[in-house]
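Notes for the structure review
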Amino acid sequence: MAQRKSLVAGNWKMNKDYAQAVALAQELSYKSEAWNCEACICPTHLALKGVANVISFDKAAISLGAQNVSAYDDGAYTGEISARMLKAVPCQYCIVGHSERRQLLLETDQQIADKISALITHEISPILCCGEPEVVYQAGGSEDFVEQQIKAALESLSSDYAKDSSLKFDLVVAYEPIWAIGSNQVASPEHANKVCQRIRESLAELFDEDLAQKTRILYGGSVKAANSALFFEQEHIDGALVGGASLDAQEFSDIVVAAAKSYSGRD
Ligand code: PGA
């Protein structure tokens, strides 16, 4: 089995104002002493610096991620935040292509590809989200749908890599079936593993086998402390992207501890 460092990432979405985010980060910082697995928290842009200060003051082993980024570095893009600015916080990760942004903000594959490229330029790891709607799942089309999303988002990175295979980047992919997000209707671990395997095969086609084996693939969609271990047992699932359950320090901490337990010896 490939050596992959597992990851549990918390997507706080548009929850927790500045003071609440700092308070939650403080609680997590205290709990993180028991974690033994990489964990990342993704507050709103407004709270990134405050959360970064908690992490650095406490010297906590917690990574920091943003929820969105502009494809541009600077300039007249009102309301946007660049990868260069995220790097300065400092953020190590950034979620890209979440289904809420694809659906509610009509984010396109091209925009997602451009954001990935901006993040890689600034050495921030993209957490690329993909996942099918329920009708596609019911029709048995999950794997093909997700493969198409992965190829659309990563085609231009893959051609840069073909030209220069010394290009360094740390990509994370999160498989999040849309029907499982925030619904308590969790995917079966076997289904999630099958789709994550197809994602890994697609990465091998786009890049090479080595990169595909190294890339961490997470499952997301109604992950809770009570069901997380079932996902972490799967061969192609290297962690979780957690929404609702990441807003509760104890629940999130329990998921990270479950990941550390399942992956001990695998990392
Ligand atoms: P959920 O959200 O854990 O609340 O289902 C996951 C996500 O949207 O990243």
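Just so you know, these numbers come straight off a predicted model, no measurement behind them. (Residues numbered from 1 in each chain as written. Predicted model: local features only at pLDDT ≥ 70, side-chain atom pairs only at ≥ 80, totals over all residues. Heavy atoms only, no water.)

With respect to the pattern of salt bridges
When their charged atoms lie close together, side chains carrying opposite charge are able to pair. To be explicit about the condition: The rule for a salt bridge is simple: a side-chain nitrogen of Lys or Arg has to be within 4 Å of a carboxyl oxygen of Asp or Glu. Going along the chain from the N terminus, every DSSP run of H or I of four or more residues is numbered as a helix, and every run of E of two or more is numbered as a strand. Partly exposed residues are those whose accessible area sits between 20% and 50% of the maximum for their type, while under 20% is buried and over 50% is exposed, using a 1.4 Å probe and protein chains only.
What the rule picks out here adds up to 16 salt bridges. Taking the shortest distance from any N to any O, the salt bridge between K214 and D210 comes out at 3.2 Å. Separated by four residues within a single helix, K214 and D210 lie in helix 9 (residues 209-214), roughly one turn from each other. Judged by its relative accessible area of 53%, K214 falls in the exposed class. Since its relative accessible area comes to 47%, D210 is described here as partly exposed.

Considerations on helix 8 (residues 189-206)
The cut-off we apply is this: Take the residue count of a helix, subtract one, and multiply by 1.5 Å to get its expected span.
Taking 1.5 Å per residue, 18 residues should reach 26 Å; helix 8 reaches 25 Å between its end C-alpha atoms and fits that length. What helix 8 keeps buried is the set P189, H191, A192, N193, V195, C196, I199, R200, S202, L203, A204 and L206.

Overview of the side chain of N227
With respect to the helices and strands, N227 occurs in helix 10 (residues 225-232). Taking the relative accessible area as the measure of exposure, N227 reaches 15% and is therefore buried.

Re the side chain of N193
Going by this rule: Contacts are residue-level and defined by heavy atoms, with any inter-residue pair within 4.5 Å sufficient.
Relative to the helices and strands, N193 resides in helix 8. For N193, a relative accessible area of 13% translates into the label buried. With near-sequence residues (within four places) excluded, N193 lies in contact with Q234, E235, H236 and I237.

Observations concerning the packing of helix 1 (residues 18-31) against helix 11 (residues 249-263)
Think of two packed helices as two axes; the pair is described by the angle between the axes and how far apart they sit. Convention followed: All axes are obtained by fitting lines to C-alpha atoms, using only the stretch in contact for helices, and the reported angles, taken between N-to-C directions, cover 0 to 180 degrees. It is the rotation of the near helix from the far one that decides the hand of a crossing: anticlockwise by less than a right angle makes it left-handed, clockwise makes it right-handed. Under the grouping applied here, Gly and all other residues not named as nonpolar or charged are polar, the nonpolar ones being Ala, Val, Leu, Ile, Met, Phe, Trp, Tyr, Cys and Pro and the charged ones Asp, Glu, Lys and Arg.
Contact geometry for helix 1 and helix 11: axes closest at 10 Å, N-to-C directions at 35°. The hand of the helix 1/helix 11 crossing is right-handed. Together, L24, E27, L28 and K31 of helix 1 and A249, Q250, F252 and S253 of helix 11 make up the contact between the two elements. When its residues are assigned to classes, the contact of helix 1 with helix 11 shows four nonpolar, two polar and two charged.

Examining the site of the ligand
So the rule is basically this: One heavy atom within 4 Å of a molecule or strand makes the whole residue count as near it. Any pair of nitrogen or oxygen atoms within 3.5 Å is treated as a polar contact; in protein, a donor-acceptor pairing is required on top of that, and neighbouring residues in sequence qualify only through side-chain atoms on both sides. Accessibility throughout is a Shrake-Rupley quantity obtained with a 1.4 Å probe, and a residue counts as covered only by protein chains that appear here.
Contacts to the ligand come from 13 residues, most closely from K13, H98, E176, G182 and S222. At 2.7 Å, a side-chain N or O of E176 approaches an oxygen atom of the ligand. Notes on the ligand: free accessible area 280 Å², of which the protein chains cover 96%. In terms of residue class, the shell around the ligand is built from four nonpolar, seven polar and two charged.

Describing the packing of aromatic side chains
Both the distance between ring centres and the angle between the ring planes are used here to describe each pair of aromatic rings. Counted only if it meets this: Here a pair means two rings of Phe, Tyr or Trp (six-membered ring of Trp) with centres within 6.5 Å. Their orientation is stacked below 30 degrees between planes, edge-to-face above 60, and tilted elsewhere.
With the rule as written, the count across this model stands at nine aromatic pairs. Both rings, one in F232 and one in Y263, keep their centres 5.5 Å apart while their planes meet at 50°; by these two values the pair is tilted. With F232 in helix 10 and Y263 in helix 11, the pair connects residues that are 31 residues apart, well separated along the chain. Put simply, the rings of Y161, F169 and F207 touch in pairs and so form one group of aromatic residues.

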